[in-house]
Amino acid sequence: MERIKQFIYGLFFALALGCTFSAHAGDPGPFRLVFLDISEEPYQDGQKLLVDLRKMESLPDGKREYCFLCKDSSGSGSVDMLYLYSVPVGLSVEELRKAVKGDDTAKRKMQSVLSKFADQDGYGVDGLLIYDHQEGKVTIYTMDKKVGSKLETESKEVKSKLLYSSLDKLLEDAAAKLDRPV
């Protein structure tokens with residue numbers, strides 16, 4: 001009877017260990033993202049909201065337990081690198097505005113910039129999150145670095161500005177649409 005218990009415990013342990021490793025197998029790791037606010041005045045609040053969110057260890061409003069863009073206490077998180085102030089040379093707010101309005105040439109030009117970008121350590125990015133706040137609505141456009149891929153969108157109705165939790169959820173959903181190699 002003791003041998004059966006040992007066998008069952010051993011089997012349970014092996015299954016649990018296998019599930020732990022398989023959950024991370026093929027995981028591309030933390031995101032490397034570029035963020036740009038293409039909103040017109042007076043709605044250019046995306047960069048400030050994102051900077052504030054990035055400094056937090058958790059969301060202040062308690063509407064979500066998990067924070068996609070926050071840094072946890074160890075200094076890591078779901079987003080490894082966020083290019084917010086120093087974006088890849090060649091990305092243009094005007095060209096991105098054209099791209100989100102359907103200009104395929106502008107979109108391909110911006111995707112080409114993303115696909116060629118590498119930072120000083122040789123790392124590229126997974127894609128670009130484009131923030132567009134217009135009266136009553138915030139839209140996040142997801143731009144892959146794969147030239148020719150279509151733009152994806154996530155939107156949320158707003159009265160004046162997004163709560164941090166709503167912005168974090170929008171950005172997480174938008175980033176999940178990026179085509180990332182495993």
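Since we're looking at a predicted model, the values are computed, not measured. Each chain carries its own residue numbering, running from 1 in the written order of its sequence. With the structure being a predicted model, the display of local features is reserved for residues of pLDDT at least 70 and the display and counting of side-chain atom pairs for 80 or more, all residues being used for whole-chain, interface and lining totals. Values shown for side chains rest on all heavy atoms present in the structure; no hydrogens or waters enter the calculation.

A. Broad picture of the pattern of salt bridges. Any Lys or Arg side-chain nitrogen found within 4 Å of a carboxyl oxygen on Asp or Glu counts as a salt bridge. Counted according to the given criterion, the structure contains 13 salt bridges. The shortest N-O distance in the salt bridge between Asp 126 and Arg 180 comes to 3.5 Å. Placement of Asp 126 in the loop between helix 4 (104-116) and strand 3 (127-134) and of Arg 180 in the segment after helix 5 (164-175) is noted, with a sequence separation of 54 residues between them. Relative accessibility thresholds used throughout: buried, under 20% of the residue-type maximum; exposed, over 50%; partly exposed, between the two (1.4 Å probe, protein chains only). Judged by its relative accessible area of 12%, Asp 126 falls in the buried class. Each member of the salt-bridge network shares a partner with another, and the members are Arg 32, Asp 80 and Asp 119. By definition, any uninterrupted DSSP run of H or I lasting at least four residues is a helix, any uninterrupted run of E lasting at least two residues is a strand, and each is numbered from the N terminus.

B. Up close: the packing of helix 2 (residues 46-55) against helix 5. With their axes 10 Å apart at the nearest point, helix 2 and helix 5 run at an angle of 95° to one another. Judged by the angle between their axes, helix 2 and helix 5 are roughly perpendicular. Here helix 2 contributes Leu 49, Leu 50, Asp 52 and Leu 53 to the contact with helix 5, which in turn contributes Tyr 164, Leu 167, Asp 168 and Leu 171. In this classification, Asp, Glu, Lys and Arg are treated as charged, Ala, Val, Leu, Ile, Met, Phe, Trp, Tyr, Cys and Pro as nonpolar, and every other residue, Gly included, as polar. Residue composition of the contact of helix 2 with helix 5, by class: 6 nonpolar, no polar and 2 charged. Axis lines are fitted through C-alpha atoms, for helices just across the contact stretch, and the angle between N-to-C directions can take any value from 0 to 180 degrees. Convention used here: angles under 35 degrees read as roughly parallel, angles over 145 as roughly antiparallel, angles from 65 to 115 as roughly perpendicular, and any remaining angle as oblique. By the convention used here, residues are in contact when the closest approach between their heavy atoms is within 4.5 Å.

C. Quick look at the side chain of Thr 139. Take Thr 139: it is sitting in strand 4 (residues 137-144). Separated by 3.1 Å, the side chains of Thr 139 and Ser 155 make a polar contact. With residues near it in sequence (within four places) discarded, Thr 139 still touches Ile 130, Tyr 131, Asp 132, Thr 153, Glu 154 and Ser 155. Polar contact is the term for a pair of N or O atoms within 3.5 Å; when the atoms are in protein, one must be able to donate a hydrogen and the other to accept it, and sequence-neighboring residues count only if both atoms are side-chain atoms.

D. Just the sheet that holds strand 5 (residues 152-157), in detail. Strand pairing is assigned whenever DSSP identifies at least 2 bridges connecting the two strands. Pairing within the open sheet is mixed, and its 5 strands lie in the order 2-1-3-4-5. With partners counted over all chains shown, the strands left at the sheet margins are strand 2 (79-83) and strand 5, one partner each. Direction aside, neighbouring strands of the sheet carry axes that sit 25° apart on average. Direction of pairing for strand 1 (residues 31-37) relative to strand 3: parallel, over a ladder of 5 bridges. Bridging from a neighbouring strand, Asp 37 pairs with Tyr 131 of strand 3. Across the sheet, helix 4 lies against strand 1, strand 3 and strand 4, angled at about 60° from strand 4, the strand it touches most.

Worth remembering: the numbers are spatial, not functional.
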